[in-house]
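What the coordinates show
These are the residues of each chain, in order.
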Amino acid sequence: MPLRFFLIEDDAVVRKMLEKIITENRLGEVVGQAEDGLDVSANQLYSVDVVLIDLLMPGRDGIQTMKKLKEEGFTGQFVMISQVENKEMVGQAYLHGVDTYIQKPINRHEVAAVLKRVAEHLSIAHSLDSIRQLLQTLDQEAETSPSHQTGQTPLEQKAQHLLLLLGIAGEAGASDLLLIMRWMAEREKQGRTVHELPPLKELYTELVKKTHGPRHDKPAVQKEVRAMEQRIRRIVLQAFTHLSSLGLTDYTNPTFEHFAPRLFDFAEIRKRMNELEAGEKTTKCRINVRKFLTAFYMEIKKT
């Protein structure tokens, strides 16, 4: 699967070289750039797989930027790029989350080789996550058999089935989505409508506190809320792209026909189909996460 890269580098020439190397070697796409770490937040990186980051930059250096992005919930890979040879500084970079290191001046063959290894690592990690998710699903289904009375509810089983239909059962946000579905079911039992969701950050905060308990301090809660927000946005984006891809391949596909107009704004689905047809990896479409969550719940209630 092509990777999505973000470049944080104060030298525009180096950024251009990196983008060219990534494009020419078909490693993926550069979806964003910044000349320093001051104005980069995890919210900008929710669809990013790898951040290529300079160690020494004005304003905020690479290590400080990595620490900030990790605290905000970014879970992707970091590749450090620098001409610094100080072993202590390089060691600090690895200590704070760098996955690999590229020495300046830029060598296109070295960059391509390193990024290919990163791509292979991420591909293996994604496959392992999918296998774990599948095994977890099978375990949960086994627990709902007549000999087990502590497994998933029928609503959760339907949610798992819909996750598979939408091509997102293996995503990291699947467990978060199931948690939200349970919360909505409990809310409805209390006689409250699911169409009046609180602001999403309030919802995520409530779920994080409920899941992790009072032992989490405020910074830890905020960090996990940001991580949950990122995972949910990404899984919704994946479902959006999956349905658009189905429609582009076969406009009469029953999954596309039924779910595309219910879970998303169909005009935005059409825009994404046009983007995919043009070979665009990223999207400028607007996605309403609140609508998706509500519609997803209504679908699993009636199926």
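Preceding this paragraph is the structure being described.
Residues numbered from 1 in each chain as written. Predicted model: local features only at pLDDT ≥ 70, side-chain atom pairs only at ≥ 80, totals over all residues. Heavy atoms only, no water.

1. Structural notes on the overall build of the chain
Basically, it comes down to this: Numbering of helices and strands runs from the N terminus; a helix is a DSSP stretch of H or I covering at least four residues, while a strand is a stretch of E covering at least two. Only protein chains enter the accessibility calculation, which uses a 1.4 Å probe; a residue is then buried when its area is under 20% of its type maximum, exposed when over 50%, and partly exposed in between. Pairs of residues are marked as contacts when any of their non-hydrogen atoms sit within 4.5 Å. Only the protein chains shown count as cover for residues, with accessible areas throughout obtained via the Shrake-Rupley method and a probe of 1.4 Å.
Within the chain, the secondary structure is distributed over 11 helices and 5 strands. Counting across all 303 residues of the chain, residues that qualify as buried make up 45%. Taking the intrachain contacts of the chain between residues at least 6 apart in sequence as the baseline, contacts between residues at least 24 apart amount to 66%. In the form shown here, the chain has an accessible surface area of approximately 16,100 Å², with 51% of it arising from carbon and sulfur atoms.

2. Brief notes about the side chain of Glu156
Looking at the secondary structure, you find Glu156 in helix 5 (residues 154-165). With relative accessibility at 11%, the residue Glu156 sits in the buried group. Non-local contacts of Glu156, meaning those with residues more than four positions away in its chain, are made with Leu178 and Arg182.

3. Some points on the pattern of salt bridges
For side chains of opposite charge, pairing can occur when their charged atoms come near one another. Condition: Salt bridge, as used here: a side-chain nitrogen of Lys or Arg that lies within 4 Å of a carboxyl oxygen of Asp or Glu.
Considering all chains together, one arrives at 15 salt bridges under this definition. One salt bridge connects Arg4 with Asp49, and the closest N-O pair in it is separated by 3.1 Å. With Arg4 in strand 1 (residues 3-8) and Asp49 in the loop between strand 2 (28-34) and strand 3 (50-54), the pair connects residues that are 45 residues apart, well separated along the chain. Taken as a pair, Arg4 and Asp49 share a single burial class, namely buried. Residue Arg234 pairs with Asp49 through a salt bridge whose shortest N-O separation is 2.8 Å. Of this pair, Arg234 sits in helix 8 (residues 218-249) while Asp49 is found in the loop between strand 2 and strand 3, placing the two residues 185 residues apart along the sequence. Grouping residues by exposure puts Arg234 and Asp49 together as buried. In the salt-bridge network here, residues are joined through shared partners; they are Arg4, Asp49 and Arg234.

4. Quick look at the sheet that holds strand 1
To be explicit about the condition: The pairing criterion is simple: DSSP has to find at least two bridges between the two strands. Each axis is a line fitted through C-alpha atoms, and for a helix only the stretch in contact is used; angles between axes span 0 to 180 degrees, taken between their N-to-C directions.
As summarised here, the arrangement of the 5 strands in space is 2-1-3-4-5, forming an open sheet in which the pairing is parallel. On the outer flanks of this sheet lie strand 2 and strand 5 (100-103), each paired with one strand and no other. This sheet shows a mean twist of 25 degrees between the axes of neighbouring strands, independent of strand direction.

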